[in-house]
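# Chain and residue survey
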Amino acid sequence: MNAQRLLAFLVAIIISAPLLLPDGQGVGLVNAILIWSIFAIGFDLVFGVAGMLSFGHAAFFGVGAYTLSLLTMRMGWDFIPSLGAAGVVGGAVALVFSYFAIRVSGLFFALLTLALSQLIYIMAGTKLRMLTGGVDGIAGVPRPDLFGIDFYDDGNYYFFLLAVFILALLISGLIRISPLGQALRAIKSNEVRAEQIGFNVQRLQRSVFTISGIYAGVAGGLLASLIFYVGPQMLHWSTSGDVVIMVLLGGMGTLFGPILGVAIFEIMREWLSTQTSHWYGILGLIFIVCTIGMPKGIAGLIMQLWDRITPGGKS
Amino acid sequence: MSGTSEAKHVLRCEDIEVSYGAFKAVTNVTYEFKPGLLYGLIGPNGAGKTTLMNALSGRARLSKGRVFLNDHEITKQSPHARTWAGLGRSFQITQIFAEMTVFENLRLAAQAHRFRLQPFWSPVGKFREIANDAEKVLSEIGLENSAHVNAGSLSHGDQRALEIGLALLSEPKVLLLDEPLAGVGHDVAEKAVELIRRVTEGLTVLLIEHNMDVVMEISDEIIVMLAGEILASGEAETIKRDPRVRTAYLGEEE
């Protein structure tokens with residue numbers, strides 16, 4: 001067993017908790033973890049693989065949530081096509097963002113994506129109130145209606161989410177080892193050289209940003225259906241901040257790290273928020289300590305420990 | 001290879017100018033590079049040598065003038081498109097993928113050249129021809145024994161060789177080498193010169209180099225720049241005797 005497999009094993013335990021625990025305990029929490037993981041896996045393609053820090057992913061997440069909600073509730077679409085549309089719209093908004101934001105890099109890229117996503121947040125709360133329900137949002141977002149299974153039961157919905165999650169993870173794993181993923185690694189490592197050996201840097205960055213937007217859109221749609229509600233909060237910059245924290249905490253640039261980050265984040269959110277109303281501040285503090293203490297996140301820490309306890313067996 | 005015109009020149013720049021505000025880093029440069037020759041580009045610091053190279057490879061925006069590669073105008077093309085068109089380049093400050101292995105570095109360059117449209121659904125390791133290209137260049141630049149070493153931990157001389165290898169993988173017709181010997185020790189420099197000679201055979205090369213002995217020895221033609229302009233050009237012996245060059249560059253009063 002190497003460290004990668006150990007990480008995969010940990011992830012497998014977390015996501016199969018409802019099957020392992022008596023009476024399907026923890027299914028609500030794991031459902032949220034699965035959805036946020038899809039978001040985080042997609043985000044890490046941009047952040048960890050291509051090295052672009054986006055602060056605008058809430059826009060794709062929220063837009064996906066609204067797309068699914070509006071199509072199912074106002075247009076009478078079925079759930080699955082609506083979920084597909086949530087991904088397409090999330091990706092399309094990301095593509096539009098990328099045309100503005102990819103002209104600049106580093107901090108300016110982060111600020112530009114932040115500004116664009118806040119624009120959408122404000123529009124959803126005010127100008128588009130007729131469509132979005134303004135600050136009240138839209139309640140009563142449905143869940144899928146497939147094979148006569150009652151997905152309004154969290155235990156059943158878990159399997160649906162698990163399937164989407166595994167698909168998302170597989171695609172992300174493929175992208176990482178594909179020529180596209182390698183080219184993105186090259187861009188992250190040295191943009192000047194990547195361009196000079198013939199990579200079309202901007203087009204590759206736009207591609208991965210769009211793919212990441214699809215992930216965010218699908219995740220947003222799924223979250224709306226999980227909590228039967230969509231509101232402008234999902235478009236708020238703090239949602240972008242959450243996913244950045246999750247990925248950093250878990251280990252950016254690794255396939256399984258972001259999922260561990262999501263799991264810790266969600267468990268803390270669940271547990272801390274029952275202890276104190278200042279839970280978000282405490283979470284922030286933990287995050288700061290963690291990033292200073294383990295710059296490569298939990299995944300990095302686990303891999304380091306694993307290498308230490310298995311001498312010679314470098315993974 | 002295209003047409004009869006190629007016999008005359010592969011790379012041509014027409015009255016090009018690069019300015020930063022009021023400062024003209026390169027100006028009035030018109031030059032035709034003939035196929036298969038090695039051009040040594042010399043001049044004092046700040047003469048505009050690297051800027052000229054940036055203008056040719058697309059990293060600096062021209063404020064005036066046009067650039068042609070094989071008679072196709074590339075003035076407005078981005079650096080990657082010029083690479084596809086056959087213009088390879090190495091940099092003064094080493095630009096490699098430092099945290100990847102030597103082999104991964106070369107494989108990326110091979111991939112960038114072979115798959116401009118990035119096929120998607122397959123691990124990159126499956127593309128045998130990419131690995132073959134990378135291995136071929138690996139032995140050309142003499143780094144077989146360092147294939148799985150991180151590029152960042154190579155010696156400086158080996159990093160410079162890798163940099164040339166990366167440029168070679170795009171199968172350039174024209175190769176721009178910006179001080180490939182910068183910071184390389186004396187004994188290694190000899191090997192490096194030998195390497196440059198060997199791998200650039202048949203290519204058109206523009207080489208910036210401060211070591212006069214090396215430049216005079218390996219160049220077919222020398223181009224001397226001063227204050228953004230081409231002061232003189234010609235064969236080494238002619239350049240050495242040129243009084244303008246002696247005054248302006250070699251610092252000799254006659």
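None of these values were measured; they are calculated from a predicted model.

The next point concerns the overall build of chain B. Across its full length, chain B holds nine helices and ten strands. A compact globule built from 254 residues should have a C-alpha radius of gyration of about 18 Å, and chain B, at 19 Å, falls within 12% of that. The C-alpha extent of chain B, read off along each of the three principal axes, is 60 × 40 × 40 Å. The buried share among the 254 residues of chain B stands at 55%.

Another aspect to go through is the sheet that holds strand β2 (residues 23-33) of chain B. All names here are of chain B. Strand order in the open sheet made by the four strands is β2-β1-β4-β5, with antiparallel pairing throughout. Each edge of the open sheet is held by one strand with a lone partner, namely β2 and β5 (72-73). Of the strand pairs in this sheet, strand β1 (residues 11-20) and strand β4 (residues 64-69) are connected by five bridges, and their pairing is antiparallel. Directly across from E17, in β4, lies its bridge partner K64. In the packing of helix α1 (residues 49-57) onto the sheet, the strands contacted are β1, β2 and β4, and the crossing angle to β1 comes to about 115°.

Attention now moves to the packing of aromatic side chains. By the definition in use, this model includes 13 aromatic pairs over all chains. Between the aromatic rings of F60 of chain A and F209 of chain A, the centroid separation amounts to 5.6 Å while the plane-to-plane angle is 85°, which identifies the pairing as edge-to-face. Of the two residues, F60 of chain A is situated in helix α4 (residues 57-73) and F209 of chain A in helix α11 (residues 201-227); the sequence distance between them amounts to 149 residues. A relative accessible area of 0% places F60 of chain A in the buried class. Taken together, a centroid distance of 6.0 Å and an interplanar angle of 90° make the contact between Y31 of chain B and Y39 of chain B edge-to-face.

Here we take up the interface of chain A and chain B. Taken together, the contact pairs 25 residues of chain A with 35 residues of chain B. The three residues of chain A that bury the most area against chain B are P179, R193 and Q196 of chain A, which together make up 27% of that side's buried surface. Our count for the contact surface shared by chain A and chain B stands at three salt bridges. When the shortest N-O distance is used, the salt bridge between R193 of chain A and E163 of chain B registers 2.9 Å. Inspection of the region where chain A meets chain B yields eleven residue pairs in polar contact (both at pLDDT 80 or more). Counting only elements with at least two residues in the side of chain A that touches chain B, the list comes to α8 (154-177), α9 (179-189), α10 (191-196) and α11 of chain A. With seven residues, α9 of chain A is the largest single contributor of residues to the side of chain A that touches chain B.

With that settled, consider the pairing of strand β10 (residues 229-234) of chain B. For strand β9 (residues 221-226) of chain B and β10 of chain B, the ladder comprises five bridges, and the chain directions are antiparallel. Among the inter-strand pairings, I222 of chain B is bridged to a residue of β10 of chain B, identified as G234 of chain B.

So, about the packing of helix α3 (residues 27-49) of chain A against α11 of chain A. All names here are of chain A. Interhelical geometry of α3 versus α11 gives an angle of 165° and a closest axis separation of 8 Å. One element, α3, and the other, α11, form an angle in the roughly antiparallel class. Viewed along their axes, α3 and α11 form a crossing whose handedness is left-handed. Contacts from N31, A32, I35, W36, I38, F39, I41, G42, F43, L45 and V46 of α3 reach α11 at V208, F209, I211, S212, Y215, A216, A219, L222, L223 and L226.

The rules we used
Residues numbered from 1 in each chain as written. Chains lettered and ligands numbered in written order. Predicted model: local features only at pLDDT ≥ 70, side-chain atom pairs only at ≥ 80, totals over all residues. Heavy atoms only, no water. Helix = DSSP H or I, 4+ residues; strand = E, 2+ residues; numbered from the N terminus. Rg over C-alpha atoms; globule rule 2.2 N^0.38 Å. Buried < 20%, exposed > 50% of the residue type's maximum accessible area, 1.4 Å probe, protein only. Pairing = 2+ DSSP bridges. Contact = heavy atoms within 4.5 Å. Axes fitted to C-alpha atoms, helices over the stretch in contact; angles between N-to-C directions. Phe/Tyr/Trp six-rings, centres within 6.5 Å; stacked < 30°, edge-to-face > 60°. Buried area = accessible area lost by both parts, 1.4 Å probe. Salt bridge = Lys/Arg side-chain N within 4 Å of Asp/Glu carboxyl O. Polar contact = N/O pair within 3.5 Å; in protein donor to acceptor, adjacent residues only side chain to side chain. Parallel < 35°, antiparallel > 145°, perpendicular 65-115°, else oblique. Left-handed = near helix turned anticlockwise from the far one by under 90°.

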